[in-house]
Amino acid sequence: MSDVDLTDLEAFAAVARARSFRSVARLRGVSASSLSEALRRLETRLGVRLLNRTTRSVTPTEAGQRLLERLSPALSEVAAALDAVNGFRDSPTGTLRLNVPTAVARLVLPPIIGPFLAAHPGIALEVTTEDSFVDVLAAGFDAGVRYDERLEKDMIAVPIGPRVQRFLVAGAPAYLAAHGRPSHPTDLLNHACIRHRFASGVMHPWEFERDGEIVKITPTARVIANNIDLEISAAIQGLGLIATFEGFIEQELKSGALVPVLEDWLQPFSGPVLYYQSRRHMPAPLRAFVDFIKKRPSPEIAPVALSG
């Protein structure tokens, strides 16, 4: 079996962990058919089926699962051995793959990635934006960023970006003049609202807290979208009240195009964390990124100074 291609083994491991040809192909910038061909070569060489493939799912066979369990540590060791060469460079090289939510891609990463890449010219950065929680290792990412998530025991979490952020509910002055300002979260049930639907199909309830009292409501949606720019535009046009990250509407708040309401019910929450597996060899690009954000001051998001 010494003539088994290492790249075919790596392709099998990636697809078996992600249980998807398409997601691995998209991440690696190759075609799904090329990965499928690699799997066919490997299965032919070994004389056993490794993956059960249907139009809807990809799952390891018993033989495939056994191979994956034994192969994963070996591939990690190979990656570690090759990556050790980076220690002899003035600056590490390689690709850093991150999976982050939309809020992080828009509000947290922009001021970080420029200085980081300038400090490490040999590193390329690939960022995938996804609001659902994913198994970053199975999907082929080096690390993920999330808000206040439950992490597995073998994960390390490092704060990234502002340590405090908050949601705001806001509306256009003309809308508030016509419909009044809510004074309690339950008043929102009598207002038109702009709701965000995630890729999973979920629309989260709006949650409020003041003096230990927690209120969750599911307001009536006048506009539903999965694009924050459209949602902000709808709010500016007076189509309803929007609930979103303060940073998303910072300019609109400063200009007076949107006005916050129920501010005493909207408590700050902890900022995002970068997380990665502690038991896995840390690739040089990820190590460089972790060191960079640990040394970087963490800005606090202060309330926006409003016009007028």
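The rules behind each value
Residue positions are given per chain, counted from 1 along the sequence in the order it is written. The model is predicted, so local features are restricted to residues of pLDDT at least 70 and side-chain atom pairs to those at 80 or more, both for listing and for counting; the totals for chains, interfaces and linings are taken over all residues. Calculation of side-chain values draws on the structure's entire complement of heavy atoms; hydrogens and water are dropped beforehand. Only runs of H or I of at least four residues qualify as helices and only runs of E of at least two qualify as strands under DSSP, and these elements are numbered from the N terminus. A 1.4 Å probe rolled over the protein chains alone gives each residue an accessible area, and that area as a share of the maximum for its type sets the label: buried under 20%, exposed over 50%, partly exposed in between. Whether two residues are in contact is decided by their heavy atoms, any of which lying within 4.5 Å being enough. Surface exposure here means Shrake-Rupley accessible area, sampled with a 1.4 Å probe, where a residue is shielded only by the protein chains that are shown. For two strands to count as paired, DSSP must find a minimum of two bridges between them. Salt bridge, as applied in this entry: a Lys or Arg side-chain nitrogen positioned within 4 Å of an Asp or Glu carboxyl oxygen.

**Describing the overall build of the protein**
Inference 1: When its secondary structure is counted, the protein shows 10 helices and 16 strands.
Inference 2: Buried residues in the protein amount to 40% of all 308 residues.
Inference 3: For the protein, restricting intrachain contacts to residue pairs at least 6 apart in sequence, the fraction spanning at least 24 positions comes to 76%.
Inference 4: Taken as a whole, the protein presents about 16600 Å² of accessible surface, with 51% of it coming from carbon and sulfur.

**Some thoughts on the pairing of strand β16 (residues 273-277)**
Looking along a regular strand, one sees side chains alternate from face to face of the sheet.
Inference 1: One ladder, built from three bridges, connects strand β5 (residues 143-146) with β16; its direction is antiparallel. Pairing of R146 across the sheet is with V273, part of β16.

**Observations regarding unusual backbone geometry**
Inference 1: Positive phi values are uncommon outside glycine, yet R19 reaches one of about 55°.
Inference 2: Along the chain, R19 falls in the loop between α1 (6-18) and α2 (21-28).
Inference 3: Accessibility expressed as a relative area gives 45% for R19, which makes it partly exposed.

**Quick word on the pattern of salt bridges**
Two side chains carrying opposite charge are able to pair once their charged atoms lie near each other.
Inference 1: Throughout the structure, instances matching the rule amount to 10 salt bridges.
Inference 2: In this structure, R166 and E263 form a salt bridge, with 3.7 Å as the shortest nitrogen-oxygen distance. Within this pair, whereas R166 is found in the loop between β7 (164-165) and β8 (167-171), its partner E263 is found in the loop between β14 (259-261) and β15 (269-270), the two being separated by 97 residues in sequence.
Inference 3: Linking E207 and K216 is a salt bridge whose minimum nitrogen-to-oxygen distance equals 3.7 Å.
Inference 4: For E207, a relative accessible area of 48% puts it in the partly exposed group.

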